[in-house]
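# Summary of the model geometry
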Amino acid sequence: MLIINSEAETYCTSISDPEPPILKEIRRDTNANVLQPRMLSGHFQGRLLSVLSYLVSPKRVLEIGTYTGYSAICLAEGLAEGGKVITIDVNEELEERINNNILKAGFEDKIEHIVGDALQLIPKFENGFDLVFIDANKRNYEHYFDLVIDKVNPNGLIISDNVLWDGKVYDEGSKDLTTKALRKYNLKLKKDKRIQKVLLPLRDGLMVARKIS
């Protein structure tokens, strides 16, 4: 999942803020006890999510794809007073671990974890999100975006993870369905005049889009 040179990323991580102890604990537990630990945002990306959240100072955050709660906690760090992160994940087997991690981080009043299908849940939410983080089923990214764009406030952020997909999106030889879906998604956002966007070669690719209107 590393797109940039590993030595460069190691150096950048070392210069960035240290990983908070609770997040280090969650990362180690996830790597030791949960399937597909590479899905975790991790130290470097987590600190970026935290900085972006602080810059926006959101009242309402929507996260699509919780995994073990690492990124939700990073996003909750920058919440405005009284703000909340709503995080959705379809995997009910991780519910207890997620809730325990949120509790250990002291964010039980700031993070609401919902088990369910995001495609069915998002239409039920009220408008007014200041930040959305998309990190779930890659083939549904287009659908997630279409469901949230009108629910995001002007100048709000929509951040999409894994949009370089191990470099497969720019490898013409890669033709699997997920790669094709992400290529289509990236081009969709490129053409969308409602957003200002930049694709960062961070870890597995992070698309940061600001809603203009």
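As a reminder, the structure under discussion sits directly above these lines.
What comes next is a walk through the structure. Keep in mind that this is a model prediction, so the values were computed, not measured.

## Some points on the overall build of the protein chain
Scanning the protein chain for helices and strands turns up eight helices and seven strands. Over its C-alpha trace the protein chain gives a radius of gyration of 16 Å, about what one expects of a compact globule, namely 17 Å for 213 residues. The principal-axis extents of the C-alpha atoms in the protein chain amount to approximately 45 × 40 × 35 Å. For the protein chain, the residues scored as buried account for 51% of the 213 residues in total. Within the protein chain, counting contacts between residues at least 6 apart in sequence, those at least 24 apart form 70% of the total. As displayed, the protein chain has an accessible area near 10,600 Å², and 51% of this comes from carbon and sulfur atoms. Seen as two clouds, the 29 positive and the 31 negative side-chain charges of the protein chain have centres 6 Å apart.

## Topic: helix H8 (residues 177-191)
Owing to its 3.6 residues per turn, the α-helix brings residues three or four apart onto one side. When the terminal C-alpha atoms of H8 are compared, their 21 Å separation across 15 residues agrees well with the 21 Å that a helix rising 1.5 Å per residue should span. Its buried side turned inward, H8 meets strand S4 (129-134), helix H7 (141-148), strand S5 (152-161), strand S6 (195-200) and strand S7 (206-211).

## Digging into unusual backbone geometry
Phi angles above zero are rare outside glycine, and Ser 57 is one such case at about 50°. Considering the arrangement of structural elements, one finds Ser 57 in the loop between helix H3 (42-56) and strand S1 (60-64). Unusually for a residue other than glycine, Arg 203 sits at a positive phi of about 50°. Topologically, Arg 203 is positioned in the loop between S6 and S7.

## As for the pattern of salt bridges
Scanning the entire structure with this criterion turns up nine salt bridges. Lys 188 is the salt-bridge partner of Asp 146, the closest N and O atoms lying 3.0 Å from each other. On the criterion of sequence distance, the pair formed by Asp 146 in helix H7 and Lys 188 in helix H8 is long-range, its members being 42 residues apart. For Asp 192, the salt bridge is made with Arg 194, and the minimal N-O distance between the two is 2.7 Å. Judged by relative accessible area, Asp 192 falls into the buried class, the value being 9%.

## So, the sheet that holds S5
Reading across the sheet, the seven strands line up as S3-S2-S1-S4-S5-S7-S6 and stay open at both edges, with mixed pairing between neighbours. At either end of the open sheet lies a strand with only one pairing partner, and these are strand S3 (111-115) and S6. Between one strand and the next, the sheet's axes are offset by a mean angle of 15°, whatever the strand orientation. Pairing of S1 with strand S2 (residues 84-89), which is carried by five bridges, proceeds in the parallel orientation.

## Overview of the environment of Asn 155
Structurally, Asn 155 is set in strand S5. The exposure class assigned to Asn 155 is partly exposed, which follows from its relative accessible area of 49%. Setting aside residues up to four positions removed in sequence, Asn 155 forms contacts with Arg 210 and Lys 211. Polar side-chain contacts of Asn 155 include one of 2.4 Å to the side chain of Arg 210.

## Quick look at the environment of Asn 100
Topologically, Asn 100 is positioned in helix H5 (residues 95-105). Judged by relative accessible area, Asn 100 falls into the partly exposed class, the value being 37%. Sequence-wise, Asn 100 and Thr 68 are 32 residues apart; in three dimensions their C-alpha atoms are separated by 9.5 Å.

Cut-off values and rules
- Residues numbered from 1 in each chain as written.
- Predicted model: local features only at pLDDT ≥ 70, side-chain atom pairs only at ≥ 80, totals over all residues.
- Heavy atoms only, no water.
- Helix = DSSP H or I, 4+ residues; strand = E, 2+ residues; numbered from the N terminus.
- Rg over C-alpha atoms; globule rule 2.2 N^0.38 Å.
- Buried < 20%, exposed > 50% of the residue type's maximum accessible area, 1.4 Å probe, protein only.
- Contact = heavy atoms within 4.5 Å.
- Areas by Shrake-Rupley, 256 points an atom, 1.4 Å probe, with all protein chains shown as cover.
- Lys, Arg positive; Asp, Glu negative; His and termini not counted.
- Charge placed at Lys NZ, Arg CZ, Asp CG, Glu CD.
- Expected span 1.5 Å × (residues − 1).
- Salt bridge = Lys/Arg side-chain N within 4 Å of Asp/Glu carboxyl O.
- Pairing = 2+ DSSP bridges.
- Axes fitted to C-alpha atoms, helices over the stretch in contact; angles between N-to-C directions.
- Polar contact = N/O pair within 3.5 Å; in protein donor to acceptor, adjacent residues only side chain to side chain.

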